[in-house]
Structures are given as structure tokens and as C-alpha cells.
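If you want the building blocks of each chain, they are given just below.
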Amino acid sequence: MPDTTAAKVYLVGAGPGDVRLLTLRAKELIERADVVVYDRLVAAPTLALIPQTAKVIDVGKEAGYHKVKQGAISRLLADEAVACPGGTVVRLKGGDPFVFGRGGEEIETLIEEGIDFEVVPGVTSAIAAPSYAGIPVTHRDCCS
């Protein structure tokens, strides 16, 4: 049974780094967020869209150094949703939430806690990098 008093959590893909490649939905949610939990791959111009009134939590990871473990991040999202009744909690991730983003693990916790969520896809670097270089990831004459 969903917790109807808790904030809704949005797992938002911030794209490959260029703020101009955010989806309109991502921009809308960032600009009205009450809480933003973000990773280190989110570019500064995207972070600049966060309202000054929002609670901002850096959970960025680097290879070999995780200042916040994944289980704690998942728990944090649920806790922030409960602490912000009726609000908007944005889990902001570089690229897409489900491509190396551990979004699946995060929504498992939200489901277990009965917290409503929405996934907002982002452009993943797996597609963006070759596209920027002029390399199609699908081309019927070159890719099988």
C-alpha cells in the first residue's frame, strides 16, 4: 500500500553532461525539487537549476571511494520522502538512471517502503559519446 503522505521520488537522468540535453521533464522536476540527491557525474550547470530552498545531498561515488554506500543511498531516498510530506525528492543521476545508475536497486527500496516514484530517462553516454563523434550506434550497412 503506497504511503500517500510521503513525497514522490523521481529518479531523473541528467544526460551526458550538457545541460541543454536535459529532457524538459528533468528540468521541470529539478527546478521544483524540495530535496535533490545527486551523483558526481551531474554537471555544474545542471546543479545550478536546483532551487536555493532545496535540500541538496551529494552522494557521488568514485572508483574505489564511495562516500555513501549504495544501500545507504537507497535508504536515504526513502527517508527523505517520508520527511518531506507531499514534496518532490529528485534522485539526479548522470546519464540514465538504469544504465550503470543503480536505479533498479533504489526503486526496490522505494517499492518495499510503499513510496511512490517515477523514472525520468536521460540520454546515456553509451549513446551520446558515439553520436557526438559522428558514429551511429546503429547503421544497417555497418552494424549487425
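Quick note: structure is the one above.
These lines cover the structure that appears in this document, whether it is placed above or below. (Residues numbered from 1 in each chain as written. Predicted model: local features only at pLDDT ≥ 70, side-chain atom pairs only at ≥ 80, totals over all residues. Heavy atoms only, no water.)

**A closer look at the overall build of the chain**
Then step 1. A count of helical and extended segments in the chain gives five helices and seven strands.
Then step 2. Overall, the chain shows an N-to-C arrangement of helices and strands of β-α-β-α-β-β-β-α-β-α-β-α.
Then step 3. Taking 2.2 N^0.38 as the reference for a compact globule, 144 residues should give roughly 15 Å; the C-alpha atoms of the chain span a radius of gyration of 16 Å, in line with that estimate.
Then step 4. Principal-axis analysis of the C-alpha atoms places the extent of the chain at approximately 55 × 30 × 30 Å.
Then step 5. Evaluated residue by residue, the chain yields a buried proportion of 44% over its 144 residues.
Then step 6. Contacts in the chain between residues at least 24 apart in sequence constitute 67% of all its contacts with a sequence separation of at least 6. (Helix = DSSP H or I, 4+ residues; strand = E, 2+ residues; numbered from the N terminus. Rg over C-alpha atoms; globule rule 2.2 N^0.38 Å. Buried < 20%, exposed > 50% of the residue type's maximum accessible area, 1.4 Å probe, protein only. Contact = heavy atoms within 4.5 Å.)

**Some points on the nonpolar core**
Then step 1. Ranked by size, the top nonpolar core spans 19 residues in total, and within it Val9, Val37, Val59, Leu110 and Ile115 carry the most contacts.
Then step 2. The set of elements that each furnish at least two residues to this core consists of β1 (8–13), β2 (35–38), α3 (70–83) and α4 (103–113).
Then step 3. It is α3 that contributes the most residues to this core, five residues altogether.
Then step 4. Counting residues in each nonpolar core, the second largest holds 16 residues, with Tyr10, Leu22, Ala54 and Val120 among its members. (Core = buried A, V, L, I, M, F, W, Y, C linked by side-chain atoms within 4.5 Å.)

**Here's the deal with α4**
Then step 1. All of the buried residues in α4 are Gly103, Glu106, Ile107, Thr109 and Leu110. Seen from one end, α4 has its buried residues packed into an arc of 155°, which puts them on one side. Exposed side chains of α4 directed beyond 90 degrees from the buried face belong to Ile111 and Glu112.
Then step 2. Following α4 by one or two positions, Gly114 adopts a phi angle in the positive range, close to 70°. (Arc of directions from axis to C-beta.)

**What about the pairing of strand β6 (residues 88–93)?**
Then step 1. Within β6, six of the six residues are buried, which leaves the element mostly enclosed by the surrounding structure.
Then step 2. The alternating pattern of β6 places Thr88, Val90 and Leu92 and Val89, Arg91 and Lys93 on opposite faces, both of which are buried.
Then step 3. Of the strand pairs in this sheet, β1 and β6 are connected by six bridges, and their pairing is parallel. Looking at the pairing, Tyr10 lines up with Val90 of β6.
Then step 4. When β2 meets β6, the two strands line up parallel, connected through four bridges. Bridging across to β6, Val37 finds its partner in Arg91. (Pairing = 2+ DSSP bridges.)

**Concerning the pairing of β1**
Then step 1. The buried fraction of β1 is high, at five of six residues.
Then step 2. Judged from the four bridges that link them, β1 and strand β7 (residues 117–120) form a sheet pairing that is parallel. Paired with Val9 across the bridge in β7 is Phe117.

**What to know about the packing of α3 against α4**
Then step 1. Relative to each other, α3 and α4 sit at 45°, their axes nearing to 9 Å. As judged from the angle between their axes, α3 and α4 are oblique. Where α3 crosses over α4, the handedness of that crossing is right-handed. Taking contact as the criterion, the partners of Gln70, Ile73, Ser74, Arg75, Leu77 and Ala78 in α3 are, on α4, Glu105, Glu106, Thr109, Leu110 and Glu113.
Then step 2. When grouped by side-chain class, the residues that make up the contact of α3 with α4 number four nonpolar, three polar and four charged. (Axes fitted to C-alpha atoms, helices over the stretch in contact; angles between N-to-C directions. Parallel < 35°, antiparallel > 145°, perpendicular 65-115°, else oblique. Left-handed = near helix turned anticlockwise from the far one by under 90°. Nonpolar A, V, L, I, M, F, W, Y, C, P; charged D, E, K, R; others polar.)

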